[in-house]
Amino acid sequence: SVLNVEGAAFIRCDASGNQSDGFNAHLSSGTNPFMFTMDCTGFNNGRAGAFSCNAFTTHDGNKAIDLRGIAADNAGGQIAIVDAGTQMWCIDTMATASRGDQIFGGPVPPSDFLVDQSTPELFLENCVAGSSQYSLNAKYGKIWKRGGHFPMATFTSNGGGVVDY
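A brief look at the structure comes next. (Residues numbered from 1 in each chain as written. Predicted model: local features only at pLDDT ≥ 70, side-chain atom pairs only at ≥ 80, totals over all residues. Heavy atoms only, no water.)

### A word on the overall build of the protein chain
Helix and strand content of the protein chain: zero helices and 17 strands. Taken over the C-alpha trace, the protein chain has a radius of gyration of 14 Å; the compact-globule value for 165 residues is 15 Å, and the two agree within 12%. Principal-axis analysis of the C-alpha atoms gives the protein chain an extent of 35 × 35 × 30 Å. The 165 residues of the protein chain split such that 48% are buried. Considering only residue pairs separated by 6 or more positions, the protein chain has 57% of its internal contacts joining residues 24 or more positions apart. When the accessible area of the protein chain is evaluated, it comes to approximately 6,800 Å², of which 53% is carbon and sulfur surface. Where the 9 positive side-chain charges of the protein chain centre and where its 15 negative ones centre are 3 Å apart. (Helix = DSSP H or I, 4+ residues; strand = E, 2+ residues; numbered from the N terminus. Rg over C-alpha atoms; globule rule 2.2 N^0.38 Å. Buried < 20%, exposed > 50% of the residue type's maximum accessible area, 1.4 Å probe, protein only. Contact = heavy atoms within 4.5 Å. Areas by Shrake-Rupley, 256 points an atom, 1.4 Å probe, with all protein chains shown as cover. Lys, Arg positive; Asp, Glu negative; His and termini not counted. Charge placed at Lys NZ, Arg CZ, Asp CG, Glu CD.)

### Things to note about the pattern of salt bridges
Under the defined criterion, the tally for this structure stands at five salt bridges. With a closest N to O distance of 2.6 Å, aspartate 39 and arginine 68 form a salt bridge. Of this pair, aspartate 39 sits in the loop between strand S3 (34-38) and strand S4 (41-43) while arginine 68 sits in the loop between strand S6 (63-67) and strand S7 (70-72), and the two are 29 residues apart along the sequence. Measuring nitrogen to oxygen at the nearest pair gives 3.8 Å for the salt bridge that ties aspartate 116 to lysine 139. A residue pair is termed long-range when its members are at least 10 positions apart, and aspartate 116 in strand S11 (residues 111-116) and lysine 139 in the loop between strand S14 (134-138) and strand S15 (142-146) qualify at 23 residues. Residue aspartate 116 shares its accessibility class with lysine 139, and that shared class is buried. (Salt bridge = Lys/Arg side-chain N within 4 Å of Asp/Glu carboxyl O.)

### Thoughts on a nonpolar patch on the surface
The grouping of Phe43, Ile70, Met94 and Val128 at the surface amounts to a nonpolar patch, some 270 Å² of accessible area in total. Take methionine 94: it is sitting in strand S10 (residues 94-96). For methionine 94, a relative accessible area of 36% gives the class partly exposed. (Patch = residues over 30% accessible without salt bridge, like charges linked within 9 Å, V, L, I, M, F, W, Y side chains within 5 Å.)

### Let's talk about the packing of aromatic side chains
Tallied over the full model, the rule gives six aromatic pairs. Where phenylalanine 113 meets phenylalanine 150, the ring centres are 6.1 Å apart and the plane angle is 80°; that geometry is what we call edge-to-face. Pair noted here: phenylalanine 113 is in strand S11 and phenylalanine 150 is in the loop between S15 and strand S16 (153-156), with a separation of 37 residues, a long-range link. The class of phenylalanine 113 is buried, set by a relative accessible area of 0%. The buried category is assigned to phenylalanine 150, whose relative accessible area is 17%. (Phe/Tyr/Trp six-rings, centres within 6.5 Å; stacked < 30°, edge-to-face > 60°.)

### Overview of the side chain of threonine 93
With respect to the helices, strands and loops of the structure, threonine 93 is situated in the loop between strand S9 (87-91) and S10. For threonine 93, a relative accessible area of 0% corresponds to the buried category. Every residue in contact with threonine 93, bar those within four places of it in the chain, is listed here: Asp66, Arg68, Gly69, Ile79, Phe113, Asn126, Cys127 and Val128.

### What about the nonpolar core?
Note on soluble globular proteins: their nonpolar side chains tend to be buried together. Judged by nonpolar contacts, the single largest core of 25 residues is most densely connected at Phe56, Ile79, Met88, Cys90, Phe113, Leu122 and Leu124. Looking at this core, the elements that each hand over two or more residues are strand S2 (23-25), strand S8 (77-82), S9, S11, strand S12 (121-125) and S14. Not counting residues within four places of it along the chain, the set of residues in contact with leucine 124 comprises Cys90, Phe113, Leu136, Ile143, Trp144, Lys145, Arg146, Phe150 and Tyr165. (Core = buried A, V, L, I, M, F, W, Y, C linked by side-chain atoms within 4.5 Å.)

This is how it looks when you write it as structure tokens:
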């Protein structure tokens, strides 16, 4: 978790096998962190049955960039952003084999790229998805995409949307 700092950068790091999230940034003590990840991985997070365990996630109006990340087999959305004003830009990111958290009684179906709660924005450039249910899940905010490969269904509700730009 990235807390109480203005920014954090992770290069060629692995955040796998955690009880909850892999890379995670939250507003804490009035500090809104910026998170940058490059060539990082997050596999098999949420092994203990916790809800919404993502490989890469940011919340609370934070900003994040992922370059060439790989996320797979997590118990939630692989890449998930939450809350108003939160923005993340993913470039050449690959997400696949999400387990979601519905198997534990949670609300998230298997989803590769997820925006949830209020009006977050996720920008995808040349990204690849491959989960069994939803490549893109815009429950609330917007997913903006350019290029890439998203073979499974797209889900939108509650004012969420997916836009080519």
